[in-house]
Amino acid sequence: MGVDAAVPDLQVTRERLRRLREQAAARDVAACVVTPGSDLRYLVGVGGSSFERLTALVVPSDDALPMRFVSPALEFAGLGHIPFDELGVEVRTWVDGEDAAGLAVEGLPGGRLAVSDMTPALHTLALGGRHGGELTLAGPVVRELRMRKDPAELAELCRAGEAIDRVHARVHEWLRPGRTEADVAADIAAAIVEEGHAVAEFVIVGSGPNGASPHHSVSDRVIERGDVVVVDIGGPVPSGYNSDSTRTYAVGEPAEADVVRSYDALQAAQQAAVDAVRPGVTCEQVDAAARAVLDDAGLGERFIHRTGHGIGLDVHEEPYIVAGNDLALEAGMTFSVEPGVYLAGRWGARIEDIVAVTDDGVESFNVRPHDLVVL
């Protein structure tokens, strides 16, 4: 397994690299070293994962210094179609036994070296040792670019949202008494791909008491009549942009007496948070809008996680919709709105949409009904 790439849009890529230099300079970073992962895919269209051989895009903040792409020779053959020369990026390939980290940082000025957040320690320590400057994370630099989606990115997130909505519309085909969570999840995973995703990144089917665990995956528990079932699903479409949507179902009338009242409060909380989204509102204010409704209903202590997370090439990225985050929303930001209520040992429920901040409000990429779906 190694890196792979699609042909990037030259104009978009040049602008992203220019802005990266600008952000690095503003944060007093001498250079950014971006290794395989979503940041590298965002910047130059190169996907894949980091392994023991170093692949890296090196972007000095000083635009008088050339950018460089360092790659093992054995993997660069699959990247020959990337127009690095037209992007002003020098290519430096290396073979086993050569000093890849030294090749990456050679000639860079001293100062702070920002390395991708998920770079293996194997490479991070080597880069720091060869460069000699202070190491810092590149995430805070790159996220200033990635938090605000451009029209093409928004279109892909909309495409992903429509695809996952089609899967939720089919859940009634598989969710019924006598089947295990694992059985239902296998059918849903297949449908996620059938409906346009590259892969099913995650499938949560939390029935009965398992629904009270927000990050429950699946189990061999047999679904029973009267169960409340949380179905949280998503994955990337071929461009790499992700879906993530949760709906809550009941298999027949809910067995627990307080489900309907609590679910009505949850639905109102989710809508209140969506209604709060607009430019200038802070992330923590959106979170507070959901919590206020659940607090009033006596369910505040049953909401045990943040209201949302950013989404794009990663399922979880900036901005985070959580108490204490005073970041002001701007047009182009995309994130989930997903309050939940969880009664340990009994049942749980969650409603989740992906939304985008527009110039004057909010747009949702998920349009399936929010009602408790009784099957």
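Every value quoted in this text rests on a predicted model; they were computed, and no experiment measured them.

Considerations on the overall build of the chain
(1) Moving on: In terms of regular secondary structure, the chain is built from 10 helices and 19 strands.
(2) Moving on: For the chain, the proportion of contacts with a sequence separation of at least 24, taken over those separated by at least 6, is 66%.

A few points about the UniProt feature "domain: Peptidase M24" (unreviewed entry) in the chain
(1) Moving on: Under the feature "domain: Peptidase M24" (unreviewed entry), the UniProt entry names residues 159–359.
(2) Moving on: Helix makes up 28% of residues 159–359 and strand makes up 22%, while its end C-alpha atoms are separated by 20 Å.

Here we look at the UniProt feature "domain: Creatinase N-terminal" (unreviewed entry) in the chain
(1) Moving on: Per the UniProt annotation, the sites labelled "domain: Creatinase N-terminal" (unreviewed entry) are residues 16–66.
(2) Moving on: With 35% helix and 22% strand, residues 16–66 has its two end C-alpha atoms placed 15 Å apart.

Regarding the pairing of strand 10 (residues 228–234)
(1) Moving on: Most of strand 10 is tucked away, with 7 of its 7 residues classed as buried.
(2) Moving on: Residues Val228, Val230, Asp232 and Gly234 line one face of strand 10 and the alternating positions Val229, Val231 and Ile233 line the opposite face, and both faces are buried.
(3) Moving on: The pairing of strand 9 (residues 202–207) with strand 10 spans 6 bridges and is classified as antiparallel. Within strand 10, the residue paired with valine 203 across the bridge is isoleucine 233.
(4) Moving on: Taken together, the 6 bridges between strand 10 and strand 11 (residues 245–250) define a ladder with antiparallel strand orientation. Its bridge partner being in strand 11, aspartate 232 is matched across the sheet by threonine 246.

A short note on the domain arrangement of the chain
(1) Moving on: In terms of domains, the chain is made up of domain 1 (10–146) and domain 2 (148–374).
(2) Moving on: In this structure, domain 1 and domain 2 have C-alpha centres spaced 35 Å apart.
(3) Moving on: The largest share of the area that domain 1 buries against domain 2 comes from Arg41, Arg143 and Arg146, three residues that together contribute 55% of it.
(4) Moving on: Across the contact surface, domain 1 and domain 2 share 6 salt bridges.
(5) Moving on: Between arginine 16 and aspartate 150 there is a salt bridge, with the nearest N and O atoms lying 3.1 Å from each other.
(6) Moving on: Top element by residues in the side of domain 1 that touches domain 2 is helix 6 (residues 139–146). It accounts for 4 residues.
(7) Moving on: Here the side of domain 1 that touches domain 2 is built from residues that sort into 3 nonpolar, 1 polar and 5 charged.

As for the sheet that holds strand 19 (residues 373–374)
(1) Moving on: Reading across from one edge, 9-10-11-19 is the order of the 4 strands in this open sheet, with mixed pairing throughout. The open sheet terminates on both sides in strands that have one partner only, identified here as strand 9 and strand 19.
(2) Moving on: Where helix 8 (residues 181–194) meets the sheet, its contacts fall on strand 9 and strand 10, and the angle it forms with strand 9 comes to roughly 145 degrees.

Digging into the packing of aromatic side chains
(1) Moving on: Considering all chains together, one arrives at 3 aromatic pairs under this definition.
(2) Moving on: Ring centres 6.5 Å apart and planes at 45 degrees place the aromatic pair phenylalanine 69 and phenylalanine 76 in the tilted group.
(3) Moving on: Among the aromatic residues, those joined into a cluster by ring pairs are Phe69, Phe76 and Phe84.
(4) Moving on: A cation over an aromatic ring shows up here: arginine 16 above the ring of tyrosine 42, its NZ or CZ 3.9 Å from the ring centre.
(5) Moving on: The residue whose ring lies beneath arginine 291 is phenylalanine 303, and the NZ or CZ to ring-centre distance is 4.0 Å.

Quick word on the packing of helix 9 (residues 259–276) against helix 10 (residues 283–296)
(1) Moving on: One way to put it is that helix 9 packs onto helix 10 with a least axis distance of 8 Å and a crossing angle of 155 degrees. With respect to each other, helix 9 and helix 10 are oriented roughly antiparallel. Where helix 9 crosses over helix 10, the two elements pack in a sense that is right-handed. Along the contact surface, helix 9 presents Ala265, Leu266, Ala268, Ala269, Ala272, Ala273 and Ala276, while helix 10 presents Val286, Ala289, Ala290, Val293 and Leu294.
(2) Moving on: Per-class residue counts for the contact of helix 9 with helix 10 are 12 nonpolar, no polar and no charged.

Overview of the nonpolar core
(1) Moving on: Formed by 33 residues in total, the largest nonpolar core has its most connected members in Leu17, Leu20, Cys32, Leu43, Leu57, Phe69 and Val89.
(2) Moving on: Looking at this core, the elements with two or more residues in it are helix 1 (10–26), strand 2 (31–34), helix 2 (38–44), strand 4 (56–60), strand 5 (67–72), helix 6 and strand 17 (353–357).
(3) Moving on: With 4 residues, helix 2 is the largest single contributor of residues to this core.
(4) Moving on: Residue-level mapping places this core at the junction of two domains, with at least three residues from each of domain 1 (10–146) and domain 2 (148–374).
(5) Moving on: With sequence-adjacent residues up to four places away left out, valine 89 is seen in contact with Leu17, Leu57, Met67, Arg68, Phe69 and Phe84.
(6) Moving on: Of all hydrophobic cores here, the second largest spans 31 residues; its members include Val228, Ala250, Leu329 and Leu372.

The rules behind the values
Residues numbered from 1 in each chain as written. Predicted model: local features only at pLDDT ≥ 70, side-chain atom pairs only at ≥ 80, totals over all residues. Heavy atoms only, no water. Helix = DSSP H or I, 4+ residues; strand = E, 2+ residues; numbered from the N terminus. Contact = heavy atoms within 4.5 Å. UniProt positions renumbered as here; feature names shortened; annotations may be inferred. Buried < 20%, exposed > 50% of the residue type's maximum accessible area, 1.4 Å probe, protein only. Pairing = 2+ DSSP bridges. Domains from an automatic or database assignment. Buried area = accessible area lost by both parts, 1.4 Å probe. Salt bridge = Lys/Arg side-chain N within 4 Å of Asp/Glu carboxyl O. Nonpolar A, V, L, I, M, F, W, Y, C, P; charged D, E, K, R; others polar. Axes fitted to C-alpha atoms, helices over the stretch in contact; angles between N-to-C directions. Phe/Tyr/Trp six-rings, centres within 6.5 Å; stacked < 30°, edge-to-face > 60°. Lys NZ or Arg CZ within 6 Å of the ring centre and 35° of its normal. Parallel < 35°, antiparallel > 145°, perpendicular 65-115°, else oblique. Left-handed = near helix turned anticlockwise from the far one by under 90°. Core = buried A, V, L, I, M, F, W, Y, C linked by side-chain atoms within 4.5 Å.

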